[in-house]
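As a plain string of letters, each chain reads:
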Amino acid sequence: MEAEIDLRREVTDLKDFGGRNFNYLTQNFYIMRSALRYFSQRKAVYFTSSKIADNFPVSVPVAASCLNALEELGVVEARKKSSSPDRYIPQEVDLDRLEEVQEILLENHEIREFN
């Protein structure tokens, strides 16, 4: 219960203080969910915002903003910080936490149910 409250607070903080990243994430949530599943489960290879943009219908800056938002929410973790684009490791993708984020966004009417 405490973890759920913390995640709700993190989502609220992201909306309040990371507006652009939050907006990009909500506009492209299902694309990013598909990309994370693709790279973490199907391919099981590291990925960057460029790789997501090459394989999914989002631009590199949008993918990067979404990944930054998801990193703040604890869904993905960059391998290391550097001046080059962040690489994300498939083993560090928390799809269960992503599902919890999805439920919060649905409850708050930030995204619509995917049919």
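Keep in mind it's a predicted model, so treat the numbers as computed, not measured.

## Focus on the pattern of salt bridges
Tallied over the entire structure, the rule returns five salt bridges. K15 serves as the salt-bridge partner of E110, at 2.6 Å between the closest nitrogen and oxygen. With a gap of 95 residues between them, E110 in the segment after α6 (95-107) and K15 in helix α1 (residues 2-17) connect regions that are remote in the sequence. Taking the shortest distance from any N to any O, the salt bridge between R37 and E99 comes out at 2.8 Å. Highlighted residues: R37 in helix α3 (residues 29-43) and E99 in helix α6, separated in sequence by 62 residues. Assessed through its relative accessible area of 33%, R37 is described here as partly exposed.

## Details of the packing of aromatic side chains
For the structure shown, the criterion picks out seven aromatic pairs. Aromatic rings pair up to connect Y38, F39, F47, F56 and Y88 into one cluster. Here the basic side chain of K51 rests over the ring of Y46, its NZ or CZ set 4.1 Å away from the ring centre.

Rules used throughout
Residues numbered from 1 in each chain as written. Predicted model: local features only at pLDDT ≥ 70, side-chain atom pairs only at ≥ 80, totals over all residues. Heavy atoms only, no water. Salt bridge = Lys/Arg side-chain N within 4 Å of Asp/Glu carboxyl O. Helix = DSSP H or I, 4+ residues; strand = E, 2+ residues; numbered from the N terminus. Buried < 20%, exposed > 50% of the residue type's maximum accessible area, 1.4 Å probe, protein only. Phe/Tyr/Trp six-rings, centres within 6.5 Å; stacked < 30°, edge-to-face > 60°. Lys NZ or Arg CZ within 6 Å of the ring centre and 35° of its normal.

Read these as geometric descriptors, not functional statements.
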